[in-house]
Amino acid sequence: MALYEYLCADHGPFDRHLGTAPAEAACPQCEAAARRVFSAPMLRTGRRSEWTAALDHAEKSRHEPEVVSAPPALGRPSRPAAPLNPALFTLPRP
């Protein structure tokens, strides 16, 4: 069955599994009429990639945010962010 996304003016977007796609649906929180919106399809394959893992984590944190018990540790990263370009060594330093 298809998944359709609707947008409530007060509570934001919500999804519905419907056989047909009516132009409006009732919001599950306030029962107000919400208009159907068109969004990108969520195409997933059978393999779990880093991209789908990131999407799943973002969706979960939308409703159940992770609790941080301490600030991140300070220190240098274990590897540089990007390899250094030798041409950058000739630039003047401030």
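The sections below set out a description of the structure shown in this document.

Reading the values: the criteria
- Residues numbered from 1 in each chain as written.
- Predicted model: local features only at pLDDT ≥ 70, side-chain atom pairs only at ≥ 80, totals over all residues.
- Heavy atoms only, no water.
- Helix = DSSP H or I, 4+ residues; strand = E, 2+ residues; numbered from the N terminus.
- Buried < 20%, exposed > 50% of the residue type's maximum accessible area, 1.4 Å probe, protein only.
- Contact = heavy atoms within 4.5 Å.
- Areas by Shrake-Rupley, 256 points an atom, 1.4 Å probe, with all protein chains shown as cover.
- Salt bridge = Lys/Arg side-chain N within 4 Å of Asp/Glu carboxyl O.
- Pairing = 2+ DSSP bridges.

Quick word on the overall build of the chain
So, point 1. Looking only at helices and strands, one finds 1 helix and 4 strands in the chain.
So, point 2. Sequence-ordered secondary structure for the chain, helices as α and strands as β, is β-β-β-β-α.
So, point 3. The buried share among the 94 residues of the chain stands at 9%.
So, point 4. In the chain, of all internal contacts separated by at least 6 residues, the share reaching a separation of at least 24 is 18%.
So, point 5. Accessible area for the chain stands at about 8,800 Å²; split by element, carbon and sulfur atoms hold 59% of it.

What about the environment of proline 22?
So, point 1. Looking at where proline 22 falls in the secondary structure, it is placed in the loop between strand 2 (12-17) and strand 3 (24-26).
So, point 2. Expressed as a C-alpha distance, the spacing of proline 22 and arginine 35, which sit 13 residues apart in the sequence, is 8.8 Å.
So, point 3. Among all residues touching proline 22, those that are not within four sequence positions of it are Tyr6 and Arg36.

Description of the environment of glutamate 24
So, point 1. Position of glutamate 24 relative to the elements: it lies in strand 3.
So, point 2. Placed 13 residues apart in sequence, glutamate 24 and valine 37 show a C-alpha to C-alpha distance of 9.6 Å.
So, point 3. The contact partners of glutamate 24, leaving out residues within four places of it in the chain, are Tyr6, Ala33, Ala34 and Arg35.

Some remarks on the pattern of salt bridges
So, point 1. Tallied over the entire structure, the rule returns 1 salt bridge.
So, point 2. Among the ionic pairs, arginine 62 bridges to glutamate 59, the shortest N-O distance being 3.3 Å. Taken together, the positions of arginine 62 and glutamate 59, both in helix 1 (residues 50-63) and 3 residues apart, correspond to about one turn of that helix.
So, point 3. The class of glutamate 59 is partly exposed, set by a relative accessible area of 38%.

Points about unusual backbone geometry
So, point 1. The backbone of glutamate 31 sits at a positive phi, close to 65°, despite the residue not being glycine.
So, point 2. Of note, glutamate 31 is situated in the loop between strand 3 and strand 4 (33-37).

Digging into the pairing of strand 4
So, point 1. Two elements, strand 1 (residues 3-8) and strand 4, share 3 bridges in a ladder whose sense is antiparallel. Bridged to glutamate 5 within strand 4 is valine 37.
So, point 2. Of the strand pairs in this sheet, strand 3 and strand 4 are connected by 3 bridges, and their pairing is antiparallel. In the strand pairing of strand 4, glutamate 24 is matched with arginine 35.
So, point 3. The turn joining strand 3 and strand 4, which pair antiparallel and follow one another in sequence, is formed by 6 residues; a positive phi near 65° is taken by glutamate 31.

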